[in-house]
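What follows is each chain in one-letter form.
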Amino acid sequence: LLVGVLKEVDPREKRVAATPASVERLLKLGLEVAVESGAGAGAGFEDAAYAEAGARVLPSAEAVWQEADLVIKVRPPMEHPTTGRHEAELARKKQRLISFLWPAQNKALVEQLAAHEMTALAMDAVPRITRAQKLDALSAMSNISGYRAVVEAAFGYGRSLGGQVTAAGRVKPAQVFVIGAGVAGLAAIGAARSLGAQVKAFDTRPVVREQVESMGAQFVPFEFSGETGEGKGGYAKEVSEAYLDAEQQLIGDHCRTSDIVITTALIPGKKAPELITSGAVVGMRRGSVIVDLAAEQGGNCALTERDKTVEHYGVIINGHTDLLSRMALQASELYANTIVNLIEEILGKERVWRLNLEDEIQRGMVVLHEGKLLWPPPSPTIR
Ligand code: NAD
């Protein structure tokens, strides 16, 4: 089985789906690997390093699609921004694909892949169960985004995050407020705490309180007629309008006393909830910073502009969606590991590509099986 590694066509995407180290692991599984020339350049991996690891380096995406039995990449196949040609047009009949796919948002793409009778597995559809953790690309990426959000915030803030008493004067620790304490939020808490900030956090799922506190942050309590944002299988669900109004008030109050706000609140498959209103931004101190990790899903702050840093009422609002590409090396290493772990799981002990649709993990991730749509999967634990 020949695994083909593509260079991402989105010009802002610097990650790659295989690294020289992951190529070595693929070869040990008895597979062959072909890498498009320049595929790893954005993440710092040169063609020569892939060749040294045992991959063949091919000159073009066409050559990779032509030869590979299984194509691996980061972003869902998309139209090439300069040539206008859709990546999926290059696919061969019955080819296999592993990448992020977001099938709910990419119905036309799924149809296009189905027309080629492809088998496609979505890295964004790993069931969130303990056994699947080593394949959990979303958690691996969220963890990096949360860390990077703090780095971005610290850069914009222009002061140190930790408090200090020096001969030249006293510096107060920064007050950091994290909204949404999922994987990214918890990573942001950890990074901000390690830089010495005082951190508080809020989430509509009260169960995260313990995790927030174990990271050394204070959990902001909120009681609204018994309603919570905890949905099926522990995932967040949309809250009522009345809850959201009250939550915006609460968040506005906490933004006023914060120097840095990192907001990560998402509901699977939905537009991000608007939690920081323009009024809340008006109330913030000049020079404070908001990093909106929900910018790709519409943003948690009313004034966020996707892929821009803007300033309103003296508050810097960062809505960049390429934070993972700003840490492309580490993000690629971890993403590539989750891909190899998945391939290893599929190959099994016999080392033969045979999907096991009885297995909750594989069934959850298979969007297309030889052109047949298998998504969404039946289990409630799977998004
Ligand atoms: P996410 O990125 O979808 O959402 C981020 C956070 O936003 C969630 O914690 C959510 O509760 C919160 N949120 C949603 N609406 C909100 C609102 N109105 N106000 C404030 N916060 C709001 O979530 P995620 O980080 O991908 O994962 C969420 C949880 O899933 C994790 O905390 C964890 O408990 C669980 N999980 C389990 C596994 C596993 O068992 N293998 C793996 C990953 C995650």
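Everything below is about the structure shown above.
Residues numbered from 1 in each chain as written. Predicted model: local features only at pLDDT ≥ 70, side-chain atom pairs only at ≥ 80, totals over all residues.

Caption draft 1: Structural context of the packing of helix α1 (residues 20–28) against helix α10 (residues 328–347). Closest axis-to-axis distance for the α1/α10 pair is 9 Å, and the angle between their directions is 10 degrees. One way to sum up the angle between α1 and α10 is to call them roughly parallel. Where α1 approaches α10, its residues S22, R25 and L26 are matched on the opposing element by A336, N337, V340 and I343. Grouping the amino acids of the contact of α1 with α10 by side-chain chemistry returns four nonpolar, two polar and one charged. (Axes fitted to C-alpha atoms, helices over the stretch in contact; angles between N-to-C directions. Helix = DSSP H or I, 4+ residues; strand = E, 2+ residues; numbered from the N terminus. Parallel < 35°, antiparallel > 145°, perpendicular 65-115°, else oblique. Contact = placed C-beta atoms within 7 Å. Nonpolar A, V, L, I, M, F, W, Y, C, P; charged D, E, K, R; others polar.)

Caption draft 2: Broad picture of the sheet that holds strand β1 (residues 2–5). Ordered by their spatial adjacency, eight strands build an open sheet running β3-β2-β1-β4-β5-β6-β16-β17, and the pairing between neighbours is mixed. Looking along the sheet, the strands with just one partner apiece sit at the ends: β3 (56–58) and β17 (372–373). Note: strand β2 (residues 32–36) against β3, three bridges, orientation parallel. Paired with E36 across the strands is L58, a residue of β3. Here helix α4 (residues 107–115) sits on the sheet and contacts β5 (96–99), β6 (119–122), β16 (366–369) and β17; the angle it forms with β16, its principal contact strand, is near 35 degrees. (Pairing = 2+ DSSP bridges.)

Caption draft 3: Summary view of the site of the ligand. Near the ligand lie 31 residues; those nearest to it are G180, G182, V183, A236 and A265. Sorting the residues of the shell around the ligand by element identifies α5 (137–157) and α6 (183–194) as the ones contributing at least two each. For the shell around the ligand, the per-class residue count stands at 15 nonpolar, eleven polar and five charged. (Near = placed C-beta within 6 Å.)

Caption draft 4: Structural detail: the nonpolar core. Counting residues in each nonpolar core, the largest one holds 118 residues, and the members touching the most others are V5, V178, A188, I189, I262 and Y335. With ten residues, α10 is the largest single contributor of residues to this core. (Core = buried A, V, L, I, M, F, W, Y, C linked by C-beta atoms within 7 Å. Buried ≥ 20, exposed ≤ 12 C-beta atoms within 10 Å, placed from the backbone.)

Caption draft 5: How the structure looks around the sheet that holds strand β9 (residues 175–179). Judged by pairing direction, the sheet is mixed, and its seven strands sit side by side in the order β11-β10-β9-β12-β13-β15-β14 without closing on themselves. At either end of the open sheet lies a strand with only one pairing partner, and these are β11 (218–219) and β14 (309–312). Two elements, β9 and strand β12 (residues 260–263), share four bridges in a ladder whose sense is parallel. Directly across from V176, in β12, lies its bridge partner I260.

Caption draft 6: Quick peek at the environment of S332. By the secondary structure assignment, S332 is in helix α10. When the C-alpha atoms of S332 and F45 are compared, they prove to be 9.9 Å apart, with 287 residues separating the residues in sequence. Every residue in contact with S332, bar those within four places of it in the chain, is listed here: R15, V16, T19 and A43.

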